[in-house]
Amino acid sequence: EVKSYIKDENYLEELASSPNEQLGNLSILNELLVEYKPKNFDDCVKWARLKYETLYHNDIVQLLTVYPENKTDAKGVPFWSGTKRRPSPLKFDADKDTDYEFIVAASNMFASVFGIEKCTDKKAIQKALSSVQLPKFVPDESMKIAATEEEAAEEKKGKKEEKEESNEGVVEQINKLTASLPPPSSIKDLDINPAKFEKDDPTNFHIDFITACSNLRAMNYRIKMESKHQTKFIAGKIIPAIATTTAMVTGMVCMEWYKIIQEFKLEAYRNSYANLALPMVTASEPFFPLKKEVKLFGEKKGEKLSFSSWDVIEIKIGNEMMKTFLRHFTKTYGYKVAGLAYGSFSLYQSMQKGEKWMKKRLKMPLGDVVQEISGQPLPKTDYLKLNLICHNPEENEDTPMDERVVEFPPVRFYYK
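A. View of the overall build of the protein. Within the protein, the regular secondary structure consists of 14 helices and ten strands. Scaling as 2.2 N^0.38, a compact globule of 416 residues should have a C-alpha radius of gyration of about 22 Å, whereas the protein reaches 29 Å, well beyond that. With respect to the three principal axes, the spread of C-alpha positions in the protein is 80 × 60 × 55 Å. Within the protein, the proportion of its 416 residues that are buried is 31%. Partitioning the contacts of the protein with sequence separation of at least 6, the portion at a separation of at least 24 is 64%. Of the roughly 27500 Å² of accessible surface on the protein, 54% is carried by carbon and sulfur atoms. The positive charge centre, built from 60 side chains, and the negative charge centre, built from 62, are 3 Å apart in the protein.

Structure (structure tokens):
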């Protein structure tokens, strides 16, 4: 959201057209660019300490205010009974391992987002913690928290009915948040990078953060805590492999690599299947990959493009504007691009080409579009792998729906 706000001059205008998201997104921008925007690592420690207080103390105190220990339902059954375990708020103690580990992981992750140098020096972190001033928390006794799905549905219905009545207050809040934001031009050099989860990098604090968060919540509810190792298994959805199977598969793969290195003919390769529980091992000759054929137009009119899942189209025109890339493809192959994507990120849809934001995107260098939409740095290779589908130039009213778009092989777009 922050990157979009900085780079897209029409961001606030477009956000206003999505009222369901407007207040939430503006609140996020206010938190990251105004209220808690860090200037140094000490500010990151402050943010982490306040998050701890909110998540593991204040929220629990609020819950216990709405549902105190002696609370009963309409039938007189104690609320905190059966599967409902009454939580306890945590009191922060920097000398406790779990509390301190949360601060270290959270502050370092927050620092990474803003391009601030990481820090694990205990004395420096303890000093920063000692200067944090906590705002006084007073639980709201009038607040309602849904305890069942029925109550949640009723609460949602009530909020919908009250929406029009409270619209004036929401508008005032939106205007206040919008006015608080700094002009995009004043923060255009802000180095901000969204964190992308990676379980195997011990320096990014991701697993440390998840471990600390889950264990602190477990402490709230007196549930057994887990080790960092076990947390990594759960968070990464890792399925333990049987060593014997792994060794056998590795051996089979290496055998095929020897054939590749020695440039054996296709008949020498094998697809292998093994099931040690039976036990059974089978091998078969691989088939040639299935090929598709596309009739070409444009500069290649009269030619046919035959390709399999291993083939790519190479386009070497430099990091030109996206509209230049689309025109080059149409001119060369005679097909208008219907959709263009980079991995799971959609870069272009022909049905949206009339939109203001799409017109702006079409004038940007394609490499820049990829970087902005994905939120990731460009790969170290000198090309981008793009996927596209095209309109069928021979389409008419009798053309079946599945033939109105034509699939092409992936495109290697050389942006360097």
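Next comes the rest of the description.
B. Looking closely at the packing of aromatic side chains. Scanning the model with the defined rule gives 16 aromatic pairs in all. Seen in terms of ring centroids, Trp47 and Phe110 are 4.0 Å apart; in terms of plane orientation they differ by 5°. Their pairing is stacked. With Trp47 in helix α4 (residues 41-66) and Phe110 in helix α5 (residues 97-113), the pair connects residues that are 63 residues apart, well separated along the chain. Overall, Trp47 belongs to the buried group, its relative accessible area being 14%. For the pair Tyr52 and Phe102, a centre-to-centre distance of 5.9 Å together with 65° between the ring planes defines the contact as edge-to-face.

C. Up close: α4. Between its first and last C-alpha atoms α4 spans 37 Å; for 26 residues at 1.5 Å apiece the expected length is 38 Å, and the two agree. Along α4, the sharpest change in direction is near 35° and occurs at Thr54. Regarding α4, its N-cap is Asn40, as a side-chain oxygen of that residue lies 3.2 Å from the backbone nitrogen of Asp42 further along.

D. Highlighting the packing of α5 against helix α9 (residues 206-220). At their nearest, the axes of α5 and α9 sit 8 Å apart, and the two run at 140° to each other. Classified by the angle their axes make, α5 and α9 are oblique. As for how α5 packs across α9, the hand of that crossing is left-handed. Residues Thr98, Asp99, Glu101, Phe102, Ala105, Ala106 and Met109 of α5 form the contact with α9, whose own contacting residues are His206, Asp208, Phe209, Ala212, Cys213, Asn215, Leu216 and Met219. Partitioning the contact of α5 with α9 into residue classes produces nine nonpolar, three polar and three charged.

E. Highlighting the side chain of Ser308. With respect to the helices, strands and loops of the structure, Ser308 is situated in the loop between β4 (304-307) and β5 (313-315). In this structure Ser308 comes out as buried when scored by relative accessible area, which is 7%. Ser308 has contacts with Pro289, Leu290 and Lys291, leaving out every residue within four places of it along the chain.

F. How the structure looks around the nonpolar core. In this structure, Tyr5, Leu29, Phe41, Phe102, Ile103 and Ile125 are the most contacted members of the largest nonpolar core, which totals 44 residues. Those elements that provide at least two residues to this core are α1 (2-7), α2 (11-16), α3 (19-35), α4, α5, α6 (122-130), α8 (167-180) and α9. Considering each element in turn, this core owes the most residues, ten residues, to α5. Once residues lying within four places of it in the same chain are set aside, the contact partners of Phe102 are Ala48, Lys51, Tyr52, Tyr56, Phe209, Ala212, Cys213 and Leu216. Grouped together as the second largest cluster of nonpolar side chains are 33 residues, Phe297, Phe307, Phe325 and Tyr348 included.

G. Focus on α9. Helix length check: α9 (15 residues) gives 21 Å between terminal C-alpha atoms against 21 Å at 1.5 Å per residue, within 8%. Inspection of α9 places His206, Ile207, Thr211, Ala212, Cys213, Asn215, Leu216, Ala218 and Asn220 among the buried residues, and these make up the whole buried set. Elements in contact with the buried residues of α9: α4, α5 and α10 (228-235). Looking at the residues trailing α9, positive phi occurs at Arg222, about 55°.

H. Structural detail: the packing of α4 against α6. At a minimum axis separation of 9 Å, α4 and α6 run at an interaxial angle of 60°. Between α4 and α6 lies a crossing of right-handed hand. The segment α4 lies against α6, with Phe41, Asp42, Val45 and Arg49 engaging Ile125, Ala128 and Leu129. Grouping the amino acids of the contact of α4 with α6 by side-chain chemistry returns five nonpolar, no polar and two charged.

I. Fine view of unusual backbone geometry. Although it is not a glycine, Phe205 adopts a positive phi angle of roughly 70°. On the secondary structure map, Phe205 appears in the loop between α8 and α9.

J. Highlighting a nonpolar patch on the surface. A grouping of Val249, Val253, Met255, Trp257, Tyr258, Ile260 and Ile261 is seen on the molecular surface, where their side chains present a nonpolar patch of about 720 Å² in accessible area. Looking at where Tyr258 falls in the secondary structure, it is placed in helix α11 (residues 243-261).

K. A look at the pattern of salt bridges. Inspection of the entire model under this criterion finds twelve salt bridges. Note that Glu407 is salt-bridged to Lys292, the shortest N-O span being 2.9 Å. Residue Glu407 is found in strand β9 (residues 405-407), and its partner Lys292 is found in strand β3 (residues 292-295); the two are separated by 115 residues along the sequence. Judged by its relative accessible area of 43%, Lys292 falls in the partly exposed class. Ionic pairing is found between Lys295 and Glu394, a salt bridge with its closest N-O pair at 3.1 Å. Here Lys295 is found in strand β3, whereas its partner Glu394 is found in the loop between β8 (383-391) and β9, with 99 residues between them in sequence. The class of Glu394 is partly exposed, set by a relative accessible area of 44%. Counted as one network, the salt bridges with shared partners bring together Lys199, Asp200 and Lys232.

L. Seen up close, the environment of Asp189. Positionally, Asp189 belongs in the loop between α8 and α9. Put simply, Asp189 and Glu141 are 48 residues apart on the chain and 44 Å apart in space, counted from C-alpha to C-alpha.

Definitions and cut-offs
- Residues numbered from 1 in each chain as written.
- Predicted model: local features only at pLDDT ≥ 70, side-chain atom pairs only at ≥ 80, totals over all residues.
- Heavy atoms only, no water.
- Helix = DSSP H or I, 4+ residues; strand = E, 2+ residues; numbered from the N terminus.
- Rg over C-alpha atoms; globule rule 2.2 N^0.38 Å.
- Buried < 20%, exposed > 50% of the residue type's maximum accessible area, 1.4 Å probe, protein only.
- Contact = heavy atoms within 4.5 Å.
- Areas by Shrake-Rupley, 256 points an atom, 1.4 Å probe, with all protein chains shown as cover.
- Lys, Arg positive; Asp, Glu negative; His and termini not counted.
- Charge placed at Lys NZ, Arg CZ, Asp CG, Glu CD.
- Phe/Tyr/Trp six-rings, centres within 6.5 Å; stacked < 30°, edge-to-face > 60°.
- Expected span 1.5 Å × (residues − 1).
- Bend = angle between axes of the 7 residues up to and from the residue.
- Polar contact = N/O pair within 3.5 Å; in protein donor to acceptor, adjacent residues only side chain to side chain.
- Axes fitted to C-alpha atoms, helices over the stretch in contact; angles between N-to-C directions.
- Parallel < 35°, antiparallel > 145°, perpendicular 65-115°, else oblique.
- Left-handed = near helix turned anticlockwise from the far one by under 90°.
- Nonpolar A, V, L, I, M, F, W, Y, C, P; charged D, E, K, R; others polar.
- Core = buried A, V, L, I, M, F, W, Y, C linked by side-chain atoms within 4.5 Å.
- Patch = residues over 30% accessible without salt bridge, like charges linked within 9 Å, V, L, I, M, F, W, Y side chains within 5 Å.
- Salt bridge = Lys/Arg side-chain N within 4 Å of Asp/Glu carboxyl O.

Geometric descriptors of this kind do not, in isolation, establish any biological role.
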